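One letter stands for each residue in the lines below.
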Number of protein chains: 4
Amino acid sequence: MSFQNPVFIPGPTNIPENLRKACDMPTIDHRSSLFGQILHPAREGVRRIIKSTDAEIFIFPATGTGGWETALTNCLSAGDTVLAARNGMFSHRWIDMCERHGLDMRIVDVPWGAGIPADQYQDILTADKDHAIKAVLATHNETATGVKSDIAAIRRALDTAGHPALLFVDGVSSIGSMDFRFDEWGVDAAVTGSQKGFMLPAGLAILGLSQKAIAATHDATLPRTFFDIRDMAAGYAKGAYPYTPAVGLMNGLNTACNMLLTEGLDNVFARHTRIATGVRAAADAWGLGLCAASPDLYSDTVTAICTPAGFNATDIVTHAADTYGVAFGVGLGDVAGKVFRIGHLGSLTDVMMLSGIATAEMCMADLGLDIRLGSGVAAAQEYYRAHPANTQRDAA
Amino acid sequence: MSFQNPVFIPGPTNIPENLRKACDMPTIDHRSSLFGQILHPAREGVRRIIKSTDAEIFIFPATGTGGWETALTNCLSAGDTVLAARNGMFSHRWIDMCERHGLDMRIVDVPWGAGIPADQYQDILTADKDHAIKAVLATHNETATGVKSDIAAIRRALDTAGHPALLFVDGVSSIGSMDFRFDEWGVDAAVTGSQKGFMLPAGLAILGLSQKAIAATHDATLPRTFFDIRDMAAGYAKGAYPYTPAVGLMNGLNTACNMLLTEGLDNVFARHTRIATGVRAAADAWGLGLCAASPDLYSDTVTAICTPAGFNATDIVTHAADTYGVAFGVGLGDVAGKVFRIGHLGSLTDVMMLSGIATAEMCMADLGLDIRLGSGVAAAQEYYRAHPANTQRDAA
Amino acid sequence: MSFQNPVFIPGPTNIPENLRKACDMPTIDHRSSLFGQILHPAREGVRRIIKSTDAEIFIFPATGTGGWETALTNCLSAGDTVLAARNGMFSHRWIDMCERHGLDMRIVDVPWGAGIPADQYQDILTADKDHAIKAVLATHNETATGVKSDIAAIRRALDTAGHPALLFVDGVSSIGSMDFRFDEWGVDAAVTGSQKGFMLPAGLAILGLSQKAIAATHDATLPRTFFDIRDMAAGYAKGAYPYTPAVGLMNGLNTACNMLLTEGLDNVFARHTRIATGVRAAADAWGLGLCAASPDLYSDTVTAICTPAGFNATDIVTHAADTYGVAFGVGLGDVAGKVFRIGHLGSLTDVMMLSGIATAEMCMADLGLDIRLGSGVAAAQEYYRAHPANTQRDAA
Amino acid sequence: MSFQNPVFIPGPTNIPENLRKACDMPTIDHRSSLFGQILHPAREGVRRIIKSTDAEIFIFPATGTGGWETALTNCLSAGDTVLAARNGMFSHRWIDMCERHGLDMRIVDVPWGAGIPADQYQDILTADKDHAIKAVLATHNETATGVKSDIAAIRRALDTAGHPALLFVDGVSSIGSMDFRFDEWGVDAAVTGSQKGFMLPAGLAILGLSQKAIAATHDATLPRTFFDIRDMAAGYAKGAYPYTPAVGLMNGLNTACNMLLTEGLDNVFARHTRIATGVRAAADAWGLGLCAASPDLYSDTVTAICTPAGFNATDIVTHAADTYGVAFGVGLGDVAGKVFRIGHLGSLTDVMMLSGIATAEMCMADLGLDIRLGSGVAAAQEYYRAHPANTQRDAA
């Protein structure tokens, strides 16, 4: 493994040097007070990053998938009705998890590339006079399609319908990279992992739960132990943990939060938008469309690019890995073979991104697509030059 | 955090230099073939360490607690009867998890410090003519009391009773440090974590499942997704993973297995016995008894030492941390305040251990116990001198 | 410091992950046998890389400049005559060092951008009937101008003249990256550092000395202690060192040699030629000439690119650092402001190089040069596509 | 290499975790402004640690031996007279270096184990009416014998004699661990390395020069280039370096200075005295004397312990390495075989030290010396308990 080229997958991201070092920690006694000095600042950092004043933050040694399960099993009971939209592989998987836990799903299927249809949600919620629906799921950023959905609109749908369902948001590929407003949007459960906006290795499921969600845990009967927030909360109150914590990763999380907050969240989000816009300019220069159906849906963390009909987009990803040692993302599920994905979240500069664009260009040319070498690079260069980074500030 | 002194907690252990480096890995694409080159050798290494030829090995980004949950939820259904002995905090917690998952527990309570009573198991199993009991739990090494139980005897109890129940063994603080014979003992699920015998940071739940256990998963109805071995197995077959794996830790696990197997398992176990015997010699020199009721129960990974009546053993642990910067383990549950624990598993030399013994000695003297300085050290020195390590070979 | 972008300076290079880890070593006792297990393999590795069978290899905790001083002070006496060509800043500095040590310099000045004129050397040597010239200096690769000189031709000049002078070669920016034939070229002292072809941090001066050079040390009277090879040789004979060695760096050197030899020297050199050719293709696409006067002089480790008259080439370097966080090399001495330099030695891929080319392109456009964005990138892409790397093999 | 046990050699020391990480730095452009942000704070930190307000600090990629050479070659000319005392291997080697550089030595030989005789210095200086003596050498802490000399007394000798000679002090094994008062003692050159009190890997020579010493450089004619402070000073003025600096180590030095100054120098020195006193208590309990002739000479960084006549003290060191994997220091030169040395400088706790004492004890018993196991440990424990460390403060 040569580790020379950056990765351009939509997470795990390239890990900044100081986060590598923060995670690479010798063993401490996790029952000593040192642990609390890592745990609580890390939780506070996450809370600030999701823009909440009173969300309870939980950190599990797991992944975002475990975070989904934590939200479901702590707040719901078998047979509960849950509303969810399916617009990509990750929303699909969360729905699948619900079904496997015996939840009664109301699924809104939309084309992969579309956002979550808040209006349909509103209609369904309005019609649900008896409030059978206990939770509404929303994938903030569909990593499979590069589609960002409007969570504020979903909150409005709930409010307009006067519906008390909990709002669970998958922020795995948005939190820490794109604006996330837990309190303002009335989110009840926000789920993410360590390996995306926090730029760490995978290994932590990170959740914010509203007080309303926490209240719901009292009646929730889905079985849980590893993911039980009651044990977590009891541990946290003593600066402790219900089992052995992943201390190094949590130290990394604390450091990552400090990095992001020091840079300033607005700067972090602007940095992501800037890098992403360059990628989209490149795609445009190549004459290729995006999977995301319209500009308001464009994700700033991952771009899924459509290749011409009859061409297997996965070949680009395979060829990039085999020939140039560069990792992109394949299309998944409904868009398998139709798109390839460029991840551009976390620790990334315009200069690094240009090497990814240049690589994609070479791959497409190698595979016979009608792509002029340097064209996407030039489009991105033009954008990056016109919108220079603040190199003094952009820490990550 | 000064990180100067070794830790003497019963896991996480001191992490060897090369495992620190193996875990501290830049991001790779976990959907590339590189990942399979880490995953499969790590699984094979674990299989060899638990001495199995056909166990399926599963590695989750979780902890031993998640491993327990994996075994239960994949093989059992709500209402199933489970037999378990409670002889310490960790067996207690596993039982608690069972109850929270709606299992019907048959609990054999014995004094903390005793081993699992195979004879009582046999009586109960023999009496269970209808085979209502679906699984038998056994904690191989009770980390809370420093008690090693005889798993072979439990297998004999099952066989004598002609009982088909699955045998689930918690090997968290034994596997990789003490002999564990998956096939010979007819174990159906062996559970451990990364932070004990494998000498890594916490963050992996590691399981071996027998083919019989895997067959049981088809009928098991406890809800599960994150811990579902079916998704894992489907991923493994393609060198992949059902969600984002903790690649660095898995690379560390692969490296750790190589270290242990290169050293030779018999040498690894003898090394643990050697270090442990020195600790026990020190306790004897201090005139203090062990929590473990008899020598056949003595654990080679952790020693729980009883302090005189009226003395709060936890003070030793607090004082060691505050005054000498050294971490020992407190007594938990029934033995809280009655014992303190010295962990001696994983990467540890006689020389390191002597500093732990010397520290315990200072603490006890500081706190007014009638301990002659140097006495425990001398007893351990005597043993270590008479049984020298193979410094060329002892790699960890 | 964000450490995100690769550096494109002509050394120190980007450090491969495994060399970072090899250098980051805990303290060992450098008087123990462990040290010899690092020292001797490292020396043997260097010997093989410079293609010698009997050169004595010396490794000092210093830099290439210290290596120059080692060659001079161990083999020469004050007042000795030394022949040297000056064709760039680094040959200039070595000459300056000679003068400061009281050597009598015969200097051949040529334009910066030219190679060493072997024919002039031959004339001078032939005319030196009394063999007053004790040493001939040659800078194999002038890092300041990106000019590679023909050492074999200089050896022929010496041989044709029948002159016994020692041949001292500065291989700082060539050894480990470009072909260096110590024995075949009759080199008497080869000098390099750790931070170029060996891809390590700066901190080691590395020399190969012929037996003839070592014989010369007996009569050499220039004062020396730190750089005295007699103390070194006496230490080496016992697996030891005359003072405290930089053990971690030496462990890194040993590892680096293994990497290079495992990859195969011909592959290493071809890899450098490949990356360099892409850079030269970019310069050509930009319509810019090289400082190196003719293709036979083109260096495979660094390219000095001439900018139009009236333009301050240093602005590119400053702008790249300030605006894009990318490091290139400025012109030095005679070519200050006239060239900027792109380093392309050591651990570098085509993909990384494209980001450097793209950055240079943006800088030049930003600064008003008539450069079409994407043009240099496209030229390099074309070359790299037509000459793909062996990604399985190219380890560094 | 297992790296488990601490080392107990008198440098290089055990490296603190955060210094490991500070040194393990990716490549930066050493010609960029980033370098100055490391260089100047590191120099300022060293200046504060040697307690000077206007010493010029120089940092070379070399070792303490290179530091000695820097002091000599920059301030002296061939044939200059130099006064020096020889009371151990390191003072011996500095004298040898002087002789090899053509200096005219006036040597005061005293028994190894004695301090520098300030009175003899005074007599010689007083007698030197013509001020032929240009420099006086003093080894502050003789690492070979564990003897600390009184530099203030030597300054008084110079002053009493009214002698203008420069005062050069070898502070290699004292600076950063024991009190060093550059200004108060009128030191003209203080020499140390990175691997002792600064707790870093070897690879930096660190010097403080008085303005008087710098003035002397104008007339000094010993040849020098690599170690020429004029090139260094010219570079420093621009935040640069005359050749490629060892950036990572310098970053480590900067971090180390911050650690020491944050802890507080008085605390650092007291910490060393505390650890050393425990070692001396152990030696006393063993019935063994020290090489240092009297308590006022006892070094707080290394203790040389005399073994009984007829016993080869080096066997202890060999046996400790072979049997217990622990590194002590052998006796050198005149005291070879007569003493073994325990290094106790830099990053070390009482708990770590006890393991070293316990190991020495085992070795001596193994080799047939009449040592009661636990006796030295108990004596050190007694001292450490009575003089507890400030675990909150003692950072290193």
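Since the model is a prediction, treat every value here as computed from it, not as a measurement. (Residues numbered from 1 in each chain as written. Chains lettered and ligands numbered in written order. Predicted model: local features only at pLDDT ≥ 70, side-chain atom pairs only at ≥ 80, totals over all residues. Heavy atoms only, no water.)

Points about the sheet that holds strand β12 (residues 339–343) of chain B
Within a sheet, adjacent strands bond to each other through the backbone by hydrogen bonds, running parallel or antiparallel.
Residues and elements named next belong to chain B.
Okay, so step 1: Read from one edge to the other, the open sheet built from 3 strands follows the order β10-β12-β11, with strand pairing classed as antiparallel. Of all strands in the sheet, those with a lone pairing partner are β10 (302–306) and β11 (329–330), marking the two edges.
Okay, so step 2: Pairing analysis gives 5 bridges linking β10 to β12, with the strands arranged antiparallel. Its bridge partner being in β12, I305 is matched across the sheet by F340.
Okay, so step 3: The strands touched by helix α10 (residues 265–286) within the sheet are β10 and β12, with β10 carrying the most contacts at an inclination of about 5°. (Pairing = 2+ DSSP bridges. Helix = DSSP H or I, 4+ residues; strand = E, 2+ residues; numbered from the N terminus. Contact = heavy atoms within 4.5 Å. Axes fitted to C-alpha atoms, helices over the stretch in contact; angles between N-to-C directions.)

Some points on the domain arrangement of chain A
All names here are of chain A.
Okay, so step 1: Looking at chain A, the domain boundaries give domain 1 (17–262) and domain 2 (264–386).
Okay, so step 2: Taking only C-alpha atoms into account, the centre of domain 1 sits 28 Å from that of domain 2.
Okay, so step 3: Between domain 1 and domain 2, the contact holds 28 residues from the first and 26 residues from the second.
Okay, so step 4: Counting the surface lost from both domain 1 and domain 2, the interface buries some 2000 Å², and carbon and sulfur atoms represent 64% of this.
Okay, so step 5: The largest per-residue losses of area from domain 1 upon contact with domain 2 belong to W112, K148 and S177, which jointly make up 25% of the total buried on that side.
Okay, so step 6: Where domain 1 touches domain 2, the interface holds 0 salt bridges. (Domains from an automatic or database assignment. Buried area = accessible area lost by both parts, 1.4 Å probe. Salt bridge = Lys/Arg side-chain N within 4 Å of Asp/Glu carboxyl O.)

Section: the UniProt feature "domain: Aminotransferase class V" (unreviewed entry) in chain A
Okay, so step 1: UniProt records the feature "domain: Aminotransferase class V" (unreviewed entry) at residues 29–318 of chain A, using the numbering of this structure.
Okay, so step 2: Annotated as 41% helix and 17% strand, the span residues 29–318 of chain A places its first and last C-alpha atoms 44 Å apart. (UniProt positions renumbered as here; feature names shortened; annotations may be inferred.)

Thoughts on the pattern of salt bridges
Okay, so step 1: Scanning all chains against the criterion turns up 84 salt bridges over all chains.
Okay, so step 2: Notably, a salt bridge pairs A:R100 with A:D96, separated by 3.0 Å at the nearest N-O pair. Taken as a pair, A:R100 and A:D96 lie in helix α4 (residues 89–100) at a separation of 4 residues, close to a single helical turn.
Okay, so step 3: Each of A:D96, A:R100, B:R224, B:D228, B:R230 and B:D231 takes part in one network of salt bridges that share partners.

Things to note about unusual backbone geometry
Okay, so step 1: The omega angle of the peptide bond from B:G11 to B:P12 is -5°, so this bond is cis rather than trans.
Okay, so step 2: Here B:P12 is to be found in the segment before α1 (17–23).
Okay, so step 3: Phi angles above zero are rare outside glycine, and A:K51 is one such case at about 60°.
Okay, so step 4: When you line up the elements, A:K51 lands in the loop between α2 (33–49) and β1 (56–60).
Okay, so step 5: Given the relative accessible area of 28%, A:K51 is considered partly exposed.
Okay, so step 6: Its identity as a non-glycine residue notwithstanding, C:H131 has a phi of 55°, on the positive side. (Buried < 20%, exposed > 50% of the residue type's maximum accessible area, 1.4 Å probe, protein only.)

Comments concerning the sheet that holds β1(A)
Residues and elements named next belong to chain A.
Okay, so step 1: Strands sit in the order β1-β9-β8-β7-β4-β2-β3 across an open sheet of 7 strands; the sheet is mixed. For this open sheet the edge positions go to β1 and β3 (104–109), each flanked by a neighbour on one side alone. Going from strand to strand, the sheet's axes swing by 20° on average, the running direction of each strand aside.
Okay, so step 2: Two elements, β1 and strand β9 (residues 205–209), share 5 bridges in a ladder whose sense is antiparallel.

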